Amino acid sequence: MAETNSNDQMEKIVSLCRRRGFIFQSSEIYGGLNGLWDYGPLGVALKRNIKEAWWRDMVTAHNERVQPEGAPKPFQMTGIESSIIMHPRVWKTSGHYDLFSDMMVDCRKSKRRYRHDHIKGAWVEHDGQKAFVTCVTDGDAKEEITRRALQYFKLKAKYADKLVWHGDVTDLTTISETDQVLAPDAKELGTLTEPREFNLMFETHIGAMRSDDSTAFLRPETAQGMFVNFRNVVDSSRMKVPFGIAQQGKSFRNEITPRNFTFRTREFEQMEMEFFCHPSESREWYQFWRDRRFNWYVDLGINKERLILRDHEQAELAHYSVGTADVEYAFPFCEEGEYGELEGIAHRGDFDLRSHMEGKLVREGDELVVEQGEDGKPKYPGSGKDLTYHDEETKERFVPHVIEPAAGADRTVLAFICDAYEEEEITNEKGKTETRVVMHFHPRIAPVKVGVFPLLKNKPELVAKAMEVRALLQPYMTVFYDETGAIGRRYRRQDEVGTPFGVTIDFDTIGENGDATKDTVTLRDRDSMEQRRVKTEDLLGILLKEIM
RNA sequence: GCGGGUGUAGUUCAAUGGUAGAACGGAAGCCUUCCAAGCUUCACACGAGGGUUCGAUUCCCUUCGCCCGCUCCA
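Residue numbers here run from 1 along each chain, matching the order of that chain's written sequence. To label them, take the chains in the order written and letter them from A, then take the ligands in the order written and number them from 1. Totals for whole chains, interfaces and linings use every residue, but because this is a predicted model, local features are given only for residues with pLDDT of at least 70 and side-chain atom pairs only at 80 or more, for both listing and counting. To get the side-chain values, take all heavy atoms of the structure and skip hydrogens and water.

A few words now on the overall build of chain A. Secondary structure elements follow DSSP: runs of H or I no shorter than four residues count as helices, runs of E no shorter than two count as strands, and numbering proceeds from the N terminus. The helix and strand tally for chain A stands at 13 helices and 29 strands. When the backbone C-alpha atoms are referred to their principal axes, chain A occupies close to 105 × 65 × 50 Å. Of all 548 residues assigned to chain A, the portion counted as buried reaches 50%. Any two residues having at least one pair of non-hydrogen atoms within 4.5 Å are treated as being in contact. A separation threshold of at least 6 residues defines the contact pool for chain A, and within that pool the share at least 24 residues apart is 65%. As displayed, chain A offers around 27700 Å² of accessible surface, 46% of which is attributable to carbon and sulfur atoms. Each residue is placed in one exposure class: buried if its accessible area under a 1.4 Å probe, protein chains only, is under 20% of its type's maximum, exposed if it is over 50%, and partly exposed if it falls in between. Shrake-Rupley sampling with a 1.4 Å probe provides the accessible areas, and residues are treated as covered by the protein chains on show and by no other component.

Here is the structure:
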């Protein structure tokens, strides 16, 4: 419901999160830690509800005998919880090990950063001056280096033949004379720093003794847990393709720049599902999951105007992917027309299962082949285990293709928070305009479902009755009981944390105004602020229907 | 990781080289018959660590956090 894309809006939301106990900075009393956050009493309730809504939609509410709307056919669904620390070879064959640890160099002048192994260059001399001229290009490196050398030596293009070349174009990694390097965007020599390692995976050590052999990693994604357990799940739970394995859990990435509240963090929770299907049906399943996942957010009440389903361009696709779409939300910190990713739905083909069978794969033309080391053997061999699937009916054996909807739980929580936030201008009885801050959470995800209030706290009959109503509801939902201050104040407090319903016990309830209204309470709606009288005995049924 | 800005109660803001005020919010009490009423009382802050100084929240340094830009982003 956010009206403006502004920093201002985001600051108000962050402030409310802190003030009301949704989200705090990690280790705040020690000055805080960048990119790490804690959920407070209301935050944890909200997050658990969102995760539960996802798990229910994916796993528990799924009926394998019923064909969901839009699905090619009925399918099975189950879940796992794998360990955060996995065998180091998992990350080598998956490609994360190579991809997530890079040597980087910074340019002190241009403030740019490059992957060390992406910079190419050559020794060029002119007029007794010699420099290692570099560039980063996918095109003709020599041409680019020539252009940059001419520029550096202040020569016109027609004097290219005056340049004296010493050797061929090589990688910067082969050069040690950093003070003679002309960085790709620099105008002078020696502006690059020494190469430094950037490892996006958190390292730890297994066992009390530290050694190189004992190095392990905190998982940078949960997906590998499903792939390495594919065989186990098929063998133990009679799963038949097509089926999905869902998992929720923490992942860790040493992000260079955590930013934007809980949007990019170093420790984050994922809600991922790996769907295994026959290769010939994979495109249909991809379409199905792509639409199904988008609608999940919409069904939970997110503003459709701020949510988009964006198909990736071909060039944007990861090397293994046949197709990928993102569910993205227009966060307040996004520029006009920009969105932040909540979830990626990827067609991953047979990349993952094949990797864990054969070894780390790389693309060669249109083919995925096992990457060779210098000795001609697989650089990172797979498990060697058979991860193919045998279809009893068709007698066919194949490597299933995978469709992966991978959502960020914390980002989803943040999106729901931002979307729910509204500053509503209302005119009170005295004709004065005031601001009401309301969180319009869908009742299913709201941290507190109902507030129970005795109209006055100094009337023991009202308090006693309110306690009864509280006890009636508490086994079924989160109830917040409040008797302090004026009733309007209590309503507003609950509006600000998104409690969808308020129940007030008044003199009618205890029969002071006749039998007609005895044992009735007022039920207030958060969004409309309207109230209706309902029988106490009907209350539980009414509320359960609304919050399910 | 680089550059710029910034840091005072929970929040939004003051003041000050002699350790800090307010409003809102919070807690307790009185009162109150449905949308932040009133009165009384109470609690709560100079991000952290050094240095200069008789004395630092104030000046200096370092560090941490936050914001903006760059960079990065399976």
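A separate point is the state of the cysteines. When the sulfur atoms of two cysteines come within 2.5 Å, that pair is taken as a disulfide. Scanning the entire structure with this criterion turns up zero disulfides. C334 carries a free sulfur, and the closest cysteine sulfur to it, the one in C418, is 9.1 Å from it.

Attention now goes to the packing of aromatic side chains. Only Phe, Tyr and Trp rings take part, Trp by its six-membered ring, and two of them pair if their centres are within 6.5 Å. Stacked means planes under 30 degrees apart, edge-to-face means over 60, and tilted covers everything else. Tallied over the entire structure, the rule returns 28 aromatic pairs. A ring pair is formed by Y329 and F331, whose centres lie 5.1 Å apart and whose planes are at 80°; its orientation type is edge-to-face. Here Y329 matches F331 in class, with each residue buried. Geometrically, the ring pair formed by Y389 and F398 is edge-to-face, given 5.7 Å between the ring centres and 65° between the ring planes. We note that Y389, like F398, is buried. A ring is considered to have a charge above it if a Lys NZ or an Arg CZ atom is located within 6 Å of its centre and within 35 degrees of its normal. Of note, K130 hangs over the ring of W123, and the distance from its end group to the ring centre comes to 5.1 Å.

Below, the discussion takes up the environment of L36. Structurally, the position occupied by L36 is in the loop between β1 (23-25) and β2 (37-39). Sequence-wise, L36 and P460 are 424 residues apart; in three dimensions their C-alpha atoms are separated by 46 Å.

Quick look at helix α5 (residues 141-152) now. Between its first and last C-alpha atoms α5 spans 16 Å; for 12 residues at 1.5 Å apiece the expected length is 16 Å, and the two agree. Every buried residue of α5 is listed here: A141, I145, T146, R148, A149 and L150. Phi for K154, located one or two positions after α5, is positive at around 55°. Residue count minus one, scaled by 1.5 Å, sets the expected span of a helix.

For the bond from V241 to P242, the omega torsion is 5°, close enough to zero to count as cis. Locating P242 in the fold gives a position in the loop between α7 (230-237) and β13 (243-252). Even without glycine at this site, K395 takes up a positive phi of about 60°. As for its position among the elements, K395 is in the loop between β20 (389-391) and β21 (396-398).

In this section: the protein's contact with RNA strand B. Only heavy atoms are used to decide nearness, and a residue is near a molecule or strand if one of them lies within 4 Å of it. The immediate surroundings of RNA strand B are formed by 43 residues, with Q25, N34, R264, Y491 and M529 found nearest. Counted as a polar contact is a pair of N or O atoms within 3.5 Å, where, for protein atoms, one must be capable of donating a hydrogen and the other of accepting one, and residues adjacent in sequence contribute only when both atoms are in side chains. Between RNA strand B and Y491 there is a distance of 2.6 Å, counted from a base oxygen to a side-chain nitrogen or oxygen. Of all the secondary-structure elements, those providing two or more residues to the surface near RNA strand B are α1 (7-19), α4 (96-100), α12 (487-497) and β28 (520-525). For the surface near RNA strand B, the element with the most residues is α12, which contributes six residues. Note that Gly is not counted as nonpolar here; it falls among the polar residues with everything else outside the nonpolar set of Ala, Val, Leu, Ile, Met, Phe, Trp, Tyr, Cys and Pro and the charged set of Asp, Glu, Lys and Arg. Per-class residue counts for the surface near RNA strand B are nine nonpolar, 15 polar and 19 charged.

Before going further, it helps to spend a moment on the confidence of the model for chain A. Each residue carries a pLDDT score, the predictor's confidence in it, ranging from 0 to 100. Averaged over every residue, the pLDDT of chain A is 89; residues scoring 70 or more account for 94%. Counted against residues more than four places away or in other chains, residues 1-5, with its pLDDT under 50, gives 17 contacts. Predicted as a complex, the structure gets a pTM of 0.88 and an ipTM equal to 0.91.

In this section: the sheet that holds strand β14 (residues 267-277). A pair of strands is treated as paired once DSSP finds two or more bridges between them. Across the sheet, seven strands lie side by side as β3-β13-β14-β22-β17-β16-β15; this open sheet has mixed pairing. If you trace the sheet from one side to the other, it starts and ends with β3 (76-79) and β15 (307-311), each paired once. Here the average twist between neighbouring strands, direction ignored, is 20°. With four bridges connecting them, β3 and β13 associate as parallel partners. Following the sheet pairing, Q76 is matched in β13 by F243. Against the sheet, α7 touches β3, β13 and β14, its axis set at about 135° to β13. Axes here mean lines fitted to C-alpha atoms, for a helix over just the part in contact, with angles spanning 0 to 180 degrees between N-to-C directions. Docked against the sheet, helix α10 (residues 409-420) engages β14, β16 (323-329), β17 (340-349) and β22 (401-408), running at close to 110° with respect to β14.

Time to look at the packing of helix α2 (residues 41-60) against helix α8 (residues 282-299). Closest axis-to-axis distance for the α2/α8 pair is 12 Å, and the angle between their directions is 145°. In the crossing of α2 with α8, the sense of the turn from one axis to the other is right-handed. In contact with I50, A53, W54, D57 and M58 of α2, α8 contributes W289, R292, R293 and W296. Of the residues that constitute the contact of α2 with α8, the class distribution is six nonpolar, no polar and three charged. Left-handed describes a crossing whose near helix is turned anticlockwise from the far helix through less than a right angle; right-handed describes the clockwise counterpart.

The element β28 is extensively covered by neighbouring structure, given that five of its six residues are classed as buried. Sheet analysis places strand β27 (residues 501-505) next to β28, joined by four bridges and oriented antiparallel. Paired with F501 across the bridge in β28 is D525. Adjacent in sequence and paired antiparallel, β28 and strand β29 (residues 531-535) are bridged by five residues, among which M529 carries a positive phi angle near 65°.

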